[in-house]
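Results of the structural survey
Here is what each chain is made of, one letter per residue.
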Amino acid sequence: MTHHYGYVSAVLAALLFGISSTLNKITLKTVHPMIIAGSIYLTAGMVLMFLRFTPVKEKILERLEFKVKTQEVFSRRDLLLLAFIVLFGSFLAPLLFMFGLSKTTAVNASLLLNTETLFTVLIALMVFKEKASRRGILGILLILIGAAVISTENFREVELSKGILGNILIILAGLSWAIDNNLSKLLSVKRDLLLVTSLKGLFGGSALLILASLIGIPLYIPLQSLPYVLTVGAFSIGFSIVLFLFALREIGAMRTGAIFSTSSLIGAFFAFLILGESFGIAKALFGILMFLGVYLLSLDEF
């Protein structure tokens, strides 16, 4: 098997996650954002933990074992890593993002959340010494430019001087997810990616729901919103993170993080199909630009 499976996996992870933005928009009409975040992570953890106790487990893990020699046993170091991954990726990041979103505009938040990709790339390059050719760097830049345009409906509405505290919180959320992405690469060599992902979802989701309860947010999801929460949790979070971890192992945090940002394009496209939101020529052109960046990255050998 070649490293191209990693690129396919990263794109599939972005596809599954991109669908979630449309489904979450529907759910937000009746459910508090913190309840949605906690519920979808908890659902992801429960679904994947359930799969670990079925015959499907071995078939899934065999499919996910291609390039890197995987390890079975979890050490104390691995458990410490998992604790930090849950802290940054499943708890702090969504918490910072939700509070940031409440203090700034949605347009500002969409644009600034792309800092996750930027931070992921910088941490991978500077801390973990991942390598990229000039062609690979060009691919990453094309993806970042495309993501910035597509995730922002109208650049004239971007006012970074407004809601400065909220903007800072969004950037910190992007940094937290970037730390999560790079730390997760260290655990991606574990063969049991179902266990890693399920624990991340169970601990992160539970912590968010407990915090929501402590600050007085009702733990309530209307029956009509439940299918959306369960779908996003199982597929857009659960299986998406499994694919994301596999991509991390195969192609590294820098490339995976950059490719995963195509979820903004996928989200915009599904919002157009399902919600009737605008998807003009500019978004289509910058979408093509993003996938050109993905193609350039796929040509960039280790």
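Scroll up to find the structure.
Summarised in this report is the structure supplied together with it. (Residues numbered from 1 in each chain as written. Predicted model: local features only at pLDDT ≥ 70, side-chain atom pairs only at ≥ 80, totals over all residues. Heavy atoms only, no water.)

**Section: the overall build of the protein**
Here is the rule we go by: Working definition: helices are DSSP H or I runs of at least four residues, strands are E runs of at least two. Numbering for both runs from the N terminus. For this measure, only C-alpha atoms enter the radius of gyration; the expected value for a globule follows 2.2 Å times N^0.38, where N is the number of residues. Per-residue accessibility takes into account occlusion by the displayed protein chains alone, with areas from the Shrake-Rupley method and a 1.4 Å probe.
Looking only at helices and strands, the protein features twelve helices and zero strands. In terms of C-alpha radius of gyration, the protein reaches 18 Å, essentially the compact-globule figure of 19 Å for 302 residues. Across its three principal directions, the C-alpha atoms of the protein cover 50 × 45 × 35 Å. For the protein, the exposed surface amounts to about 14,100 Å²; the carbon and sulfur share of it is 72%.

**A few points about the nonpolar core**
Short version of the rule: Nonpolar cores are built from buried Ala, Val, Leu, Ile, Met, Phe, Trp, Tyr and Cys residues. Side-chain atoms within 4.5 Å join them into one set. The cut-offs for exposure are 20% and 50% of the maximum accessible area for each residue type, with area from a 1.4 Å probe on protein chains only; residues under the lower value are buried, those over the upper are exposed, and the others partly exposed. In this description, contact between two residues means that some pair of their heavy atoms is separated by no more than 4.5 Å.
One finds I40, I140, I237, I259 and L297 to be the most contacted residues of the largest nonpolar core, which totals 70 residues. Considering every element that reaches this core, the biggest residue donor is helix α10 (residues 226-260), with 17 residues. Not counting the four nearest positions on each side in its chain, I237 is found in contact with F17, I40, Y41, A44 and V232.

**Details of the side chain of N24**
Note that N24 resides in helix α1 (residues 4-27). Excluding residues within four positions of it along the chain, N24 makes contact with I36 and V232.

**What to know about helix α3 (residues 56-63)**
Threshold: Each C-beta atom gives one direction from the helix axis, and the arc is the one those directions make.
Those residues of α3 lying buried are K57, I60 and L61. Across the axial projection of α3, the buried residues extend over an arc of 95°, all falling on one side. Turned more than 90 degrees off the buried face of α3, the exposed positions are K59, E62 and R63. Buried positions along α3 lie against α2 (33-52) and α9 (193-214).

**Remarks on the side chain of T27**
Tracing the chain through its elements places T27 in helix α1. Not counting chain neighbours up to four residues away, the residues in contact with T27 comprise I36, S225, Y228 and V229.

**Some points on a nonpolar patch on the surface**
For clarity, the cut-off: Residues form patches when they are more than 30% accessible in relative terms and have no salt bridge. Like charges link within 9 Å. Nonpolar side chains (Val, Leu, Ile, Met, Phe, Trp, Tyr) link within 5 Å. Salt bridge, as applied in this entry: a Lys or Arg side-chain nitrogen positioned within 4 Å of an Asp or Glu carboxyl oxygen.
A contiguous nonpolar surface patch, about 450 Å² in accessible area, is contributed by L118, L122, M126, V127 and F128. Checked against the element boundaries, F128 lands in the loop between α6 (115-126) and α7 (134-150). Here F128 falls in the partly exposed class, since its relative accessible area comes to 33%.

**Comments concerning the environment of K185**
Tracing the backbone shows K185 in helix α8 (residues 164-187). Here the alpha-carbon distance between K185 and T54, two residues 131 residues apart in the chain, equals 26 Å. Not counting residues within four places of it along the chain, the set of residues in contact with K185 comprises E130, L248, G252 and A253.

**Concerning the packing of helix α4 (residues 76-102) against α9**
Operational definition: Whenever a helix is involved, its axis is fitted only over the stretch in contact; in every case the axis is a line through C-alpha atoms, and angles between N-to-C directions fall within 0 to 180 degrees. An angle below 35 degrees is treated as roughly parallel, one above 145 as roughly antiparallel, one from 65 to 115 as roughly perpendicular, and anything else as oblique. Crossing handedness is defined as follows: a turn of the near helix away from the far one that is anticlockwise and smaller than a right angle gives a left-handed crossing, while the clockwise case is right-handed. Nonpolar residues are Ala, Val, Leu, Ile, Met, Phe, Trp, Tyr, Cys and Pro. Charged residues are Asp, Glu, Lys and Arg, and all others, Gly as well, are polar.
Following both chains from N to C, one finds α4 and α9 inclined at 45°, their axes separated by 9 Å at the closest point. The angle between the axes of α4 and α9 places the two elements in the oblique class. Both α4 and α9 take part in a crossing whose hand is right-handed. Mapping the contact onto sequence places L82, I85, V86, S90, F91, P94 and L95 in α4 and V196, L199, K200, F203, G204, A207, L208 and L211 in α9. Residues belonging to the contact of α4 with α9 are distributed by class as follows: twelve nonpolar, two polar and one charged.

**Focus: the packing of aromatic side chains**
How two aromatic rings sit relative to each other is set out by the distance from centre to centre and by the angle between their planes. Under the convention used in this document: Only Phe, Tyr and Trp rings are paired, with Trp represented by its six-membered ring, and only when their centres lie within 6.5 Å; those with planes under 30 degrees apart are stacked, over 60 edge-to-face, the remainder tilted.
For the structure shown, the criterion picks out eight aromatic pairs. Aromatic side chains F17 and F260 sit 5.2 Å apart centroid to centroid with 40° between the ring planes, which places their arrangement in the tilted category. Taken together, the positions of F17 in helix α1 and F260 in helix α10 put the pair 243 residues apart, joining distant regions of the chain. Relative accessible area serves as the criterion here: at 13%, F260 is assigned to the buried category. Relative to F270, the ring of F269 has its centre 6.2 Å away and its plane inclined at 80°; by these criteria the two rings are edge-to-face. Judged by relative accessible area, which is 21%, F270 ranks as partly exposed. Among the aromatic residues, those joined into a ring-pair cluster are F269, F270, F272 and F279.

**With respect to the packing of helix α11 (residues 263-275) against helix α12 (residues 281-298)**
The axes of two packed helices give the description: the angle between them and the distance between them. Where α11 meets α12, the axes come as close as 10 Å, and the angle between the chain directions of the two elements is 145°. Of the two possible hands of crossing, α11 and α12 adopt the one that is left-handed. From α11, S264, L265 and A268 reach across to α12, where they touch K283, G287, M290 and F291. Considered class by class, the residues forming the contact of α11 with α12 number four nonpolar, two polar and one charged.

**Some words on the pattern of salt bridges**
Counted according to the given criterion, the structure contains three salt bridges. For D78, the salt bridge is made with R77, and the minimal N-O distance between the two is 3.9 Å. Judged by relative accessible area, D78 falls into the buried class, the value being 3%. One salt bridge connects E250 with R249, and the closest N-O pair in it is separated by 3.8 Å. Here the two residues E250 and R249 agree in accessibility, since each one is buried.

That is the geometry; function is a separate question.
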